[in-house]
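Structural description and commentary
If you want the building blocks of each chain, they are given just below.
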Amino acid sequence: MCLSIVSLIIDNDNDGDGIPDYMEKDTDGDGVPDYLDDDDDGDGIPDHLDKDDDGDGIPDDQEDSDGDGIPDHLGMPFVIFQTVGL
């Protein structure tokens, strides 16, 4: 008999630290958490127009927070399938 277990992770955790992305840091130190901040890195360019919205020198389309070789925007965001044999 084989039992399939499907685990759903509702909140993204792109860097794999166990903290959902929406609870992550305040990159620019302005007192507004990044998930609520329109300018995370405090450079005066709104995130939606900023090619590097966290100010780390890596363009957003090349970010790979978890080091799996897949850019964050292409990675699997929230569903993990697991099969457990019994």
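These remarks concern the structure in this document. Just so we're clear, the structure is a prediction, and the values are computed from it rather than from any experiment.

All right, on to the environment of I70 then. Here I70 is to be found in the loop between β1 (2–8) and β2 (79–85). Exposure remark for I70: the relative accessible area of 39% places this residue in the partly exposed category. With near-sequence residues (within four places) excluded, I70 lies in contact with E63, D64 and G75.

Below, the discussion takes up the environment of Y35. Checked against the element boundaries, Y35 lands in the loop between β1 and β2. The class of Y35 is partly exposed, set by a relative accessible area of 47%. When the C-alpha positions of Y35 and E24 are compared, they lie 7.5 Å apart, and in sequence the two are 11 residues distant.

Let's shift gears to the side chain of D52. Positionally, D52 belongs in the loop between β1 and β2. The exposure class assigned to D52 is buried, which follows from its relative accessible area of 17%. At 2.7 Å, the side chain of D52 forms a polar contact with the backbone nitrogen of G57. With near-sequence residues (within four places) excluded, D52 lies in contact with D41, G57, I58, D60 and E63.

Scoring rules and cut-offs
The numbers attached to residues start from 1 for each chain and follow its sequence in the written order. Selection of residues for local features in this predicted model requires a pLDDT of at least 70, selection of side-chain atom pairs for listing and counting requires 80 or more, and totals for whole chains, interfaces and linings are taken over all residues. Values shown for side chains rest on all heavy atoms present in the structure; no hydrogens or waters enter the calculation. The helix and strand labels rest on DSSP assignments: H or I over at least four residues marks a helix, E over at least two residues marks a strand, and numbering proceeds from the N terminus. Each residue's exposure class comes from its accessible area (1.4 Å probe, protein chains only) as a fraction of the maximum for that residue type: buried when under 20%, exposed when over 50%, partly exposed otherwise. Should any heavy atoms of two residues lie within 4.5 Å, those residues are counted as being in contact. Under this definition, polar contacts are N or O atom pairs within 3.5 Å; protein pairs additionally need one hydrogen-donor-capable and one acceptor-capable atom, and for neighbouring residues in sequence, both atoms have to be side-chain atoms.

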